[in-house]
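Architecture at a glance
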Amino acid sequence: FQIIKPLPLLIFGRKQGGKTEEGGSLSFVSQNEETLRDSQKISSVYYDTEDLQVYHNRLLRHDFASLVRVRWYGERDDSLEFPLFVERKVHREFWTGNKSVKERCPIDQGDLSAALDLGRMPPGLTKDDKSGALLASIQSFLREGGKKQVPMVRTQYMRSAYQEATSNAVRISIDTDLKMVRERGAPRREGDWCRDMAAPLPPCDVVDFPYAVLEVKLQDEPAPWVNELTEGGMLVAVPKFSKFQNGMALLYPSKLRNSPWWFLPDGKGGMTPANFEEMADTRDPYLEKANPAFFGEAKAPAPAGGNPSGAGKLG
């Protein structure tokens, strides 16, 4: 209610209201009510090397640390024409003065394996056009350093979005029913490129994320109601939270050199994600035991739940 009152819920359906940031169609008026949905299923398959080179580079936030995923919307079928998007995210360090970027190019499912596994260009694309140049760069990245990247983890969730139809000054998304699924070594249908989700799914191959993920994207300074939402105690800030990193760390623990910062020791020699209460607790037990002379007029920790940025929240 705190969101829907100042910001309308986007309805996914016919192409009557433009496009969402993620490429989904928006609709606010439709003659066919069956096409309207208040949330959309989003699935992504992420690529990495056997030694998790992409995961570790992204975790350490190296300049130009890149990540490739294949994304689709709704339920995937086995048709060759099913629409997919090959996306690349590139992190840039703040000191460079450049912003991190996310680029994507559309591709038919029937052309995906040849494009990503064999390095071939789909029909109708050349390296001289924008999408073709991006795909060629992605193909090179997937084989960089002689290490071939393969599908490693899938994320899937239901997304609800809140945004004005004519403005993106404030956009809020809520992802629910989030699952992270192992792709490496998973059963596939003959000729398919990713896991067969109709096959039995062992418990060790899936992570059911226990929380919703709420993200706030702002073009300007947050309105008072946004601050009330993010600082009201119902959310806990997890800046730079990554579904990809969380899934990789839980599904391939034996390959980790480092864990995501929101992981804590589990008391058994391993690491596990902090729960809601642990993330909301801003007390520092080490600082409390330290000699105050070392810290001068240090202020007391902020109350749990407070975060002026309003981004990267769990709820």
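Calculation criteria
- Residues numbered from 1 in each chain as written.
- Predicted model: local features only at pLDDT ≥ 70, side-chain atom pairs only at ≥ 80, totals over all residues.
- Heavy atoms only, no water.
- Helix = DSSP H or I, 4+ residues; strand = E, 2+ residues; numbered from the N terminus.
- Buried < 20%, exposed > 50% of the residue type's maximum accessible area, 1.4 Å probe, protein only.
- Polar contact = N/O pair within 3.5 Å; in protein donor to acceptor, adjacent residues only side chain to side chain.
- Contact = heavy atoms within 4.5 Å.
- Pairing = 2+ DSSP bridges.
- Arc of directions from axis to C-beta.
- Phe/Tyr/Trp six-rings, centres within 6.5 Å; stacked < 30°, edge-to-face > 60°.
- Lys NZ or Arg CZ within 6 Å of the ring centre and 35° of its normal.
- pLDDT = per-residue confidence, 0-100.

1. Considerations on the side chain of Ser-66
Looking at where Ser-66 falls in the secondary structure, it is placed in strand β2 (residues 66-73). The class of Ser-66 is buried, set by a relative accessible area of 11%. Of note is the side chain of Ser-66, whose polar atom sits 2.9 Å from the backbone oxygen of Phe-64. When near neighbours in sequence (up to four residues on either side) are disregarded, Ser-66 contacts Val-54, Arg-58, Lys-89, Val-90 and Phe-141.

2. With respect to the pairing of strand β3 (residues 83-90)
Here β3 lies mainly inside the structure; 6 of its 8 residues are buried. Bridge analysis of β2 against β3 gives 6 bridges, and the strand direction is antiparallel. Paired with Val-70 across the strands is Val-86, a residue of β3. Where β3 meets strand β4 (residues 101-108), 8 bridges bridge the pair, whose relative direction is antiparallel. If you follow Arg-88 over to β4, its bridge partner there is Glu-103.

3. Some details on helix α5 (residues 243-251)
One turn of an α-helix holds 3.6 residues; hence residues three or four places apart share an orientation. Counting buried residues in α5 gives 8 out of 9 residues, a clear majority hidden from the surface. Among the residues of α5, those classed as buried are Lys-243, Phe-244, Gln-245, Asn-246, Gly-247, Met-248, Ala-249 and Leu-251. The distance from a side-chain oxygen at the start of α5 to the backbone nitrogen of Phe-244 is 3.3 Å, and the residue carrying that oxygen is Ser-242.

4. Details of helix α2 (residues 109-116)
What α2 keeps buried is the set Gln-109, Leu-112, Ala-115 and Leu-116. Within α2, the buried residues cover an arc of 100° as seen down the axis, which keeps them to one side.

5. Regarding the packing of aromatic side chains
By the definition in use, this model includes 9 aromatic pairs. An aromatic cluster is present here, built from Phe-209, Tyr-211, Phe-241, Trp-261, Trp-262, Phe-263 and Phe-276 joined pairwise through their rings. It is Lys-243 that lies over the ring of Tyr-157; its NZ or CZ is 4.7 Å from the centre.

6. Regarding the confidence of the model for the protein chain
The pLDDT averaged across the protein chain works out to 85; a share of 82% of its residues lies at or above 70. pLDDT under 50 marks residues 14-34. Its contacts with residues more than four places away, or in other chains, come to 50 contacts. For the stretch residues 298-311, pLDDT sits under 50, and the model shows 19 contacts to residues farther than four places along the chain or on other chains.

7. Quick word on the environment of Thr-126
Within the secondary structure layout, Thr-126 lies in the loop between α2 and α3 (130-141). For Thr-126, a relative accessible area of 40% puts it in the partly exposed group. Measuring from C-alpha to C-alpha, the distance between Thr-126 and Ala-136 comes to 8.8 Å, with 10 residues separating the pair along the chain. Setting aside anything within four residues of it in sequence, one finds Thr-126 in contact with Met-121, Gly-132 and Ala-133.

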